[in-house]
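Chains, contacts and geometry: an overview
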Amino acid sequence: MSASFVIPALTQPSIPVAGESKSFPVRRIWCVGRNYLEHIREMGNDERQPPFFFAKHADMVTGDGATIPYPSLTKDFQHEVELVVALKSGGANIDPAKALDHVYGYGVGIDLTRRDLQMASRKKEQPWEIGKSFDSSAPCGALRPAAEIGHPVKGKIWLSVNGTEKQKGDLSEMIWNVAEIIGKLSLQVSLGAGDIILTGTPAGVAALAPGDKIECGIDGIGTLKVAIG
């Protein structure tokens, strides 16, 4: 018996899979704070503290080629390029030694941030949602299955705006690797198939303006292009 609803059923957010006609359904979006040393330093944070996690809503995902409206309420709209990890299964208290068994694949994403609102919230010790969680704030490129590319531990991660490189790092510079991130996050919440994790950004985050064209990528995984409307 199929369920019936009092309003039309909602569209399932999803991310394309490279070379496939099928797509990956997004259940939840998790983001890691402070996972590249140089970014921790540029933001003036304590580099000795472990990373922490915050969330975006699944319907905030948007795809390659999208034009993203410049968001309301901000005067400091910034880019953060990140490795995306897509889970095919999950659980609670996952052993890091077995964590990669839960990974479906990898992609390139951007954690778009209303930095001025995030910083104001931090000073007031309020939640970060207003700075991090808003419409189209999680662009993601097509996923590459781990069965095809393995589990990358190194490779250039970069982002350019209007042809000028702004961010550059290497996956090997992540303080906490993918397996450790999955293990840590699963202590906080039970993970599941369809969850994606944005794993932190290298240094070089900067403000965006209407009309900007962003291109970013990770060697061996893929690229992503979006424009700011």
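Refer to the structure presented above.
A few points on the structure. (Residues numbered from 1 in each chain as written. Predicted model: local features only at pLDDT ≥ 70, side-chain atom pairs only at ≥ 80, totals over all residues. Heavy atoms only, no water.)

Examining the overall build of the protein chain
For the protein chain, the helix and strand inventory stands at five helices and 17 strands. In terms of overall dimensions, the protein chain is globule-like: its C-alpha atoms have a radius of gyration of 17 Å, near the 17 Å expected for 229 residues. Expressed along its principal axes, the backbone C-alpha trace of the protein chain runs to roughly 50 × 45 × 40 Å. Counting the 229 residues in the protein chain, one finds 50% classified as buried. (Helix = DSSP H or I, 4+ residues; strand = E, 2+ residues; numbered from the N terminus. Rg over C-alpha atoms; globule rule 2.2 N^0.38 Å. Buried < 20%, exposed > 50% of the residue type's maximum accessible area, 1.4 Å probe, protein only.)

Observations regarding the pairing of strand E15 (residues 195-198)
Of the two faces of E15, the one holding Asp195 and Ile197 and the one holding Ile196 and Leu198 are both buried throughout. Judged from the four bridges that link them, strand E3 (residues 28-33) and E15 form a sheet pairing that is parallel. Bridging from a neighbouring strand, arginine 28 pairs with aspartate 195 of E15. Bridge analysis of strand E8 (residues 81-87) against E15 gives three bridges, and the strand direction is antiparallel. What sits directly across from alanine 86, in E15, is isoleucine 196. (Pairing = 2+ DSSP bridges.)

Some remarks on the sheet that holds E8
Strand pairing within a sheet occurs via backbone hydrogen bonds; the two strands may be parallel or antiparallel. Pairing is mixed across the open sheet formed by six strands, whose spatial order is E4-E3-E15-E8-E9-E12. Because the sheet does not close on itself, it has two edges, and the strands there are strand E4 (52-56) and strand E12 (144-145). Of the pairings in the sheet, the one linking E8 to strand E9 (residues 103-110) comprises seven bridges and is antiparallel in character. Within the sheet, the bridge partner assigned to leucine 87 lies in E9 and is valine 103. Strand contacts of helix H5 (residues 178-188): E3, E4, E8, E9 and E15, with the helix running at about 75° to E4, the strand carrying the most contacts. (Contact = heavy atoms within 4.5 Å. Axes fitted to C-alpha atoms, helices over the stretch in contact; angles between N-to-C directions.)

Section: the state of the cysteines
Counted by the stated rule, this structure contains zero disulfides. Here cysteine 31 stays free of any disulfide, with the sulfur of cysteine 140 as its closest cysteine sulfur at 8.9 Å. Residue classification places cysteine 31 among the buried residues on the basis of a relative accessible area of 0%. In this structure cysteine 140 comes out as buried when scored by relative accessible area, which is 2%. (Disulfide = S-S within 2.5 Å.)

Observations regarding the environment of isoleucine 94
Tracing the chain through its elements places isoleucine 94 in the loop between E8 and E9. On the basis of relative accessible area, isoleucine 94 is assigned to the buried category, the value being 9%. Sequence separation between isoleucine 94 and alanine 179 is 85 residues, and the spatial gap between their C-alpha atoms is 9.3 Å. If near-sequence neighbours (up to four positions away) are discounted, isoleucine 94 is found in contact with Ala99, His102, Ile182, Gly183, Ser186 and Leu191.

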